[in-house]
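# A structural walkthrough
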Amino acid sequence: MENQPQILIIDDDPTVRIALEALLASEPYVLVFAENGKTGLEKAALLHPDAILLDVMMPGMDGFEVCHALRANKDLSEVPILFITTLDDRESRLKGIESGADDYLAKPFDRLELLARLRSITRLNRYRKIAEARQKLEAMHQELLISYDKTIEGWSKALDLRDKETEGHTQRVTEMTIQLAKV
């Protein structure tokens, strides 16, 4: 269950929520529902979903406002958002994309098209998360190497402090070893 992508569906129409649940039931997704923009934002902040299916026309906060709020939240700004709405005119589609949506699908939507788009955005999001994890791992690896070098250097200096006659000996041996290795 942990490896399954979480999909947050924000739509005020219970019929649409039920239809999406039935449509996506056979897919490997964990579905979470919100009936309005405010609740959707709260659930998104709590869950950090892998994708959000968002209606535009909702009471209170419309989908464009929700999308702006999601993009303004640094923890949620990278979550893929797919608008699913009855607004299918060019101006609405452009406004949706400009508000930060990654994709736009008009209702009534084609079942196969929705599945293909959802698979695509969840796959891309998974790749983005893998790349971020790899960058963090590489940074931690570099920090570990620096710590290791500092520890060896500290031990070397501690050995030198033990005896004034051999002070600097370890450093000289290290420098000679490095020079020999370069030859």
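Residues numbered from 1 in each chain as written. Predicted model: local features only at pLDDT ≥ 70, side-chain atom pairs only at ≥ 80, totals over all residues. Heavy atoms only, no water.

## Comments concerning the side chain of arginine 17
When you line up the elements, arginine 17 lands in helix 1 (residues 14–24). Once residues lying within four places of it in the same chain are set aside, the contact partners of arginine 17 are Asp11, Asp12, Phe33, Ala34 and Glu35. (Helix = DSSP H or I, 4+ residues; strand = E, 2+ residues; numbered from the N terminus. Contact = heavy atoms within 4.5 Å.)

## Regarding the packing of helix 2 (residues 37–47) against helix 3 (residues 63–72)
Taken N-terminus to C-terminus, the directions of helix 2 and helix 3 make an angle of 25 degrees; their axes are 10 Å apart at the nearest point. The angle between the axes of helix 2 and helix 3 places the two elements in the roughly parallel class. Helix 3 is crossed by helix 2, and the crossing has right-handed handedness. Along its contact with helix 2, which presents Gly37, Leu41 and Ala44, the element helix 3 presents Val66, Ala69 and Leu70. Its residues assigned to classes, the contact of helix 2 with helix 3 comprises five nonpolar, one polar and no charged. (Axes fitted to C-alpha atoms, helices over the stretch in contact; angles between N-to-C directions. Parallel < 35°, antiparallel > 145°, perpendicular 65-115°, else oblique. Left-handed = near helix turned anticlockwise from the far one by under 90°. Nonpolar A, V, L, I, M, F, W, Y, C, P; charged D, E, K, R; others polar.)

## Points about the side chain of threonine 85
By secondary structure assignment, the location of threonine 85 is in strand 4 (residues 81–85). Every residue in contact with threonine 85, bar those within four places of it in the chain, is listed here: Asp55, Val56, Met57, Tyr104, Leu105, Ala106 and Lys107.

## Concerning the environment of glycine 63
Note on placement: glycine 63 falls in helix 3. C-alpha separation for the pair glycine 63 and asparagine 36, spaced 27 residues apart in sequence, amounts to 9.0 Å. Leaving out residues up to four positions away in the same chain, glycine 63 has contacts with Leu54, Asp55, Val56, Met58 and Phe83.

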